[in-house]
Amino acid sequence: MYLINRRKFIFLSAATAGAILLPQCANGTLSTPSKIATTQTTSINGHLDIDLEARPATLNLGQQQAHLITYNGQIPGPRLEAKPGDTVRIRFTNRLTQATNLHFHGLHIPPTGTADNIFLRVPPGGTQTYEFTLPKNHPAGTFYYHPHLHELVAAQVFGGLGGIFVVRGALDDIPEIRAAQEEFLFLKDFALNANGQIPVPGHMDLMRGREGSILTVNGQVNPTFALPSGGLLRFRIVNASTSRFYRLTLEDHPFYLMATDGGAIAAPVELQELLLSPGERAEVLIQGNRPPGEYRLLSLPYDRGGMGSGMMHGGRMGGGMMGGITHSSNTTQPIAIVTYQDAVAQPLPLPHTLIPVETLPQPSQTRRIEMSMAMGMGNGMGMELAFLFNNQTFDMNRVDAVVKLGTVEDWELVNLDPDGMEHSFHLHTNPFQVISRNGKPDPYQAWEDTLRVRANETVRIRIPFRDFAGKTVYHCHVLDHEDLGMMGMVEIQG
Ligand code: C2O
Ligand code: CU
Ligand code: CU
C-alpha cells in the first residue's frame, strides 16, 4: 500500500515540475510518508540543464503560513543530480528585492568564471547562467547550493533559500547501498512572527547566529520516513540551517556513518549520535532490525558555548533590544518519524567496506588561522560586533593566503573566541582531511569541507590544492558570523 503511494508521488512530482504536492492519504496523519514536495532534476546524457528562480513564496510550515523566499517556489529548492563528468547549466533568475547569487557548497569545481564564483552578483530582476563541468573523478556525495552574497547570506538562508546537489557515483553502486531505501533530509529551522513573517534579528541573534524554533525536514514539520523491516534506510542529511547545530539520534537505532561532507569513508562507523554543524552533511545507514513500530528522530540539546547559551534556558530570548528570534537548541525536539513498513524478501546486510580514502602527502606549508570576535559600543545606538580571522574582518581587496597549485598545506584552526563560542569552519573549492584535534589524531580518515571548532580547540586540517587556480574563500558557516566579517580570501596561484 505504502509503496504504491510513494511511487505515485515520485511520478507526480517529476511530471509536474515545480508544483507543490501534498500527499493525500485517507487516514494519513503521523504514519503517512509525507515528503516529496520537491522536484528532482537529474542529468540526461551528461547534461543537467535547469531554470532556477529565487522568488518569494507563501508556504505552510506545520500549521503556520509563512512568507519565505524560495528556489522555484519550494523548500528545499529542486534537488539537482549529476554524475562525475557531467556538465551543469543553471539559468538563474533573481526575483527577490535584493541582490543574490549561487554557491555550490562542497563541489570541487573552479571558483572562477561562471562556476562556483561567489563574487558574481545578480541584482533584483537580473539573470546569470551558471555553467560548469564536474571533474571525471569527482567523488559521489551529498552537496548543497545556497546564496552567498557577503552580508546577505544569513538572512537569505534563514528566509528559506537552499537546495541539495547530489553527485552519484561509485558509492551509489555498492550493492548493499543500492538496495537501501534512500531518503534526503534537508534540515532547516525557521522563526515566524504572528503574521507569518521572519522577525528582524536582534543583537543577540546576530552574535550567536540566528536560530528558529520551527524545525523542518524537507520543509515539513515532523515528516515520516518508511524503513522496510529487515532492510536498510539510507539518510542523506544536510544541515541547511543558518546557525543551528544538530545533535541527532534515532530512538533504539544506531546510525552507521558511511559518508561525510566530501563523500564516502572507508568502512561504516557505528554512531549513537550524529553532530552536524551548519553546512555539514553526512550519510548514514539505519538497519530495520528492531520491533516494527514508530521511532522518533530527535534533535538533542546542544550547547555551542558563549555567553548567550546560559540565557537560552527557558527557550525564548527576551524581545526588544535582545532580538525577536527564538533560540531553542537547549530542548529535545522530535524532527521526524521513522516507521516500519513491510518486510523485505531477504534481510539486507550492512556493507563491510565502502571506498578507500587516500592518505595525503605531507604538507609543504603550515598556516595558523585564529578565530575570534570583537564587540564594542559603536557611534550609533547599538553595539558593534565583528567576527574575525587572525584579527581581521573580510576585505574583498585583500588576499589572506596565497597558495601554490599542486601543493598540500596544513592549516591550524585555533578558536580563541573570548566569548567561548563554537565556530563552523568552511573552505570552498578544495575538501580537506582532519589530522588532529588538540593534538589528538582524528579517529578516522574522511573528506570534509565544514567542521566544528570548539572554544580553545586547535584543529589541524590537510588540504590538497590540485587543480583550480583563482580566488576562493574560507569562512565561518554560522552565517551571521560570516556576514559580520568572519571570512578570508585564498588565492590559488597556478
Ligand atoms: Cu555553504 Cu561559503 O558556504
Ligand atoms: Cu561553501
Ligand atoms: Cu562563527
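The name given to the protein in an unreviewed UniProt entry is Multicopper oxidase, with the source organism recorded as Neosynechococcus sphagnicola sy1.

Just checking my understanding: could you explain the coordination of the copper ion (ligand 2) for this structure?
For a metal bound by four donors in tetrahedral geometry, the ideal donor-metal-donor angle is 109.5 degrees, whereas six donors in octahedral geometry ideally sit at 90 or 180 degrees. For the copper ion (ligand 2), every protein donor is listed as His103 (NE2) and His426 (NE2), and the spread of their distances is 1.8 to 1.9 Å. Separated by 323 residues along the polypeptide, His103 in strand β6 (residues 103–105) and His426 in strand β25 (residues 423–427) bring together distant segments of the chain. Comparing His103 with His426 shows no difference in burial state: the two are buried.

Would you mind showing me how to read the pairing of strand β31 (residues 470–476) here?
A regular strand carries its side chains on alternate faces of the sheet. Summarising burial for β31: six of the seven residues are buried, a large majority. Note that β25 and β31 share three bridges and pair antiparallel. Across the sheet, Phe425 pairs through a bridge with Cys476, a residue of β31. Bridge count between β31 and strand β32 (residues 487–493): six bridges; the pairing is antiparallel. Residue pairing for β32: Lys471 is matched across the bridge by Glu491.

What exactly am I supposed to notice about the coordination of the copper ion (ligand 3) here?
Listed as protein donors to the copper ion (ligand 3) are His423 (ND1), Cys476 (SG) and His481 (ND1); their distances from the metal cover 2.0 to 2.1 Å. When the donors of the copper ion (ligand 3) are listed by position in the chain, the intervening gaps give H-x52-C-x4-H. With His423 in strand β25 and His481 in helix α6 (residues 479–483), this residue pair connects regions lying 58 residues apart in the sequence.

Looking at this structure, how should I read the sheet that holds β25?
Strand order in the open sheet formed by five strands is β23-β32-β31-β25-β29, with mixed pairing between adjacent strands. What marks the edges here is a single partner per strand, and that holds for β23 (401–404) and β29 (450–453). Within the sheet, the average angular offset between the axes of one strand and its neighbour, ignoring direction, is 25 degrees.

Would you take a moment to explain the nonpolar core for this structure?
Soluble globular proteins: nonpolar side chains tend toward being buried together. Counting residues in hydrophobic clusters, the biggest one holds 41 residues, and the most contacted among them are Phe235, Ile237, Leu248, Phe255, Leu274 and Leu297. It is strand β15 (residues 255–260) that contributes the most residues to this core, five residues altogether. Those residues in contact with Ile237 that sit more than four places away from it in its chain are Leu185, Leu187, Leu248, Leu274, Leu276, Glu280, Arg281, Ala282 and Val284.

Help me out: how do you make sense of the pattern of salt bridges in this one?
Should their charged atoms come close, side chains of opposite charge can pair. Inspection of every chain in the model, using the stated rule, returns 35 salt bridges. One salt bridge in this structure joins Glu131 and Arg89, with 3.3 Å as the shortest N-O distance. Note that Glu131 is positioned in strand β7 (residues 127–133) and Arg89 in strand β5 (residues 87–94), a separation of 42 residues in sequence. Residue Arg89 is classed as partly exposed on the basis of its relative accessible area of 32%.

Would you explain the side chain of Gln433 in this entry?
Its location among the elements puts Gln433 in strand β26 (residues 432–437). Among the polar contacts made by the side chain of Gln433, one reaches the side chain of Gln445 at a distance of 3.5 Å. Excluding residues within four positions of it along the chain, Gln433 makes contact with Val357, Glu358, Leu360, Gln445, Ala446, Trp447, Arg460, Ile461 and Arg462.

Hey, could you run me through the packing of aromatic side chains in this one?
Note on aromatic pairs: each is described by the distance of the centres and the angle between the planes. As enumerated under the stated definition, the model contains 18 aromatic pairs in all. An angle of 55 degrees between the planes, with centres 6.4 Å apart, marks the rings of Phe425 and Phe432 as tilted. Of the two residues, Phe425 and Phe432, both sit in the buried class. Taken together, the ring pairs connect Tyr71, Phe92, Phe104, Tyr130, Phe132, Tyr145 and Phe165 into an aromatic cluster.

In this structure, what is going on with the confidence of the model for the protein? I would like to understand it.
Interpretation of the predicted coordinates at a detailed level should be avoided for regions scoring low in pLDDT. Across the protein, the average pLDDT comes to 89, with 86% of residues at or above 70. Segment residues 1–38: pLDDT under 50, and 59 contacts once partners within four positions in sequence are set aside and those in other chains are kept. A low-confidence stretch, residues 310–323 (pLDDT under 50), is modelled with 30 contacts involving residues beyond four sequence positions or located in other chains.

Please explain the sheet that holds strand β14 (residues 246–250) as it appears in this structure.
Strand pairing within a sheet occurs via backbone hydrogen bonds; the two strands may be parallel or antiparallel. With mixed pairing, the five strands of this open sheet are ordered in space as β12-β20-β19-β14-β17. Each edge of the open sheet carries a strand with a single partner, namely β12 (224–228) and β17 (274–276). Across the sheet, the mean angle separating the axes of adjacent strands is 25 degrees when strand polarity is ignored. Looking at chain direction, β12 and strand β20 (residues 333–341) are connected through five bridges and run parallel. What sits directly across from Thr224, in β20, is Ile337.

Reading guide: rules and limits
Residues numbered from 1 in each chain as written. Chains lettered and ligands numbered in written order. Predicted model: local features only at pLDDT ≥ 70, side-chain atom pairs only at ≥ 80, totals over all residues. Heavy atoms only, no water. Donors = N, O, S within 2.8 Å, 3.2 Å for Na, K, Ca; no water. Helix = DSSP H or I, 4+ residues; strand = E, 2+ residues; numbered from the N terminus. Buried < 20%, exposed > 50% of the residue type's maximum accessible area, 1.4 Å probe, protein only. Pairing = 2+ DSSP bridges. Axes fitted to C-alpha atoms, helices over the stretch in contact; angles between N-to-C directions. Core = buried A, V, L, I, M, F, W, Y, C linked by side-chain atoms within 4.5 Å. Contact = heavy atoms within 4.5 Å. Salt bridge = Lys/Arg side-chain N within 4 Å of Asp/Glu carboxyl O. Polar contact = N/O pair within 3.5 Å; in protein donor to acceptor, adjacent residues only side chain to side chain. Phe/Tyr/Trp six-rings, centres within 6.5 Å; stacked < 30°, edge-to-face > 60°. pLDDT = per-residue confidence, 0-100.

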